[in-house]
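Below, each chain spelled out in residue letters.
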Amino acid sequence: MDRRPAAMLPYLHRMDPNLAVFVAAATLFVALATLLLGLFVWLRADMRRIESRTDRRFDRLEARLAAVEHGQAKLEGLLEGLREAIAGRVRQAAE
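Attention in this report is confined to the structure presented alongside it. (Residues numbered from 1 in each chain as written. Predicted model: local features only at pLDDT ≥ 70, side-chain atom pairs only at ≥ 80, totals over all residues. Heavy atoms only, no water.)

## What about the overall build of the chain?
In plain terms, the rule: Starting at the N terminus, helices and strands are each numbered in turn, a helix being any DSSP run of H or I of at least four residues and a strand any DSSP run of E of at least two. Burial classes: relative accessible area under 20% of the type maximum marks a residue as buried, over 50% as exposed, and values in between as partly exposed (1.4 Å probe, protein chains only). Each accessible area value is a Shrake-Rupley result obtained with a 1.4 Å probe; residue values ignore everything except the protein chains displayed when judging cover.
Each helix and strand in the chain was counted, giving two helices and zero strands. Expressed as a percentage of its 95 residues, the buried residues of the chain come to 0%. A total of about 9000 Å² of accessible surface is found on the chain, and carbon and sulfur atoms cover 66% of it.

## Details of the pattern of salt bridges
Under the convention used in this document: One side-chain nitrogen of Lys or Arg within 4 Å of one carboxyl oxygen of Asp or Glu is enough to make a salt bridge.
Using the criterion set out here, one finds two salt bridges in the structure. Close ionic contact of Arg49 with Asp46 constitutes a salt bridge, the shortest N to O distance being 2.5 Å. Taken together, the residues span about one helical turn, with Arg49 and Asp46 both in helix α2 (residues 17-94) at a distance of three residues. On the accessibility criterion, Arg49 (44% relative accessible area) is partly exposed.

## Considering a negative patch on the surface
To be explicit about the condition: Patches were defined on residues exceeding 30% relative accessible area and lacking a salt bridge, with like-charge contacts within 9 Å and nonpolar side-chain contacts (Val, Leu, Ile, Met, Phe, Trp, Tyr) within 5 Å. The charge count treats Lys and Arg as positive and Asp and Glu as negative. His and the chain ends do not count. Note on charges: their place is set at NZ of Lys, CZ of Arg, CG of Asp or CD of Glu.
A grouping of Glu51, Asp55, Asp59 and Glu62 is seen on the molecular surface, where their side chains present a negatively charged patch. Tracing the sequence through the fold places Asp55 in helix α2. Assessed through its relative accessible area of 42%, Asp55 is described here as partly exposed.

## Quick word on a nonpolar patch on the surface
Taken together, the side chains of Leu32, Leu35, Leu36, Leu39, Phe40, Trp42 and Leu43 present a nonpolar region at the surface, about 710 Å² in accessible area. Topologically, Trp42 is positioned in helix α2. Judged by its relative accessible area of 53%, Trp42 falls in the exposed class.

In structure tokens, the structure reads:
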């Protein structure tokens, strides 16, 4: 008797029905497990891609915030100087 799978096809009708159900269920389980594993791997890679893109965006936002804070500090210094100049002119005009 030839043991290759194609040669076994004529003998499958003699297979025990319980064994046939078990083989079908096992095949379905393996296919589903493979599908889920592939899905989890794909989702993990997608999450890493989204995480790296989000990290880059936060880095750019932090750089922009630092630039705005620097500009704000510069403006506060200029305004303080302007207040002092105005206060000095008011004192000089009052004298």
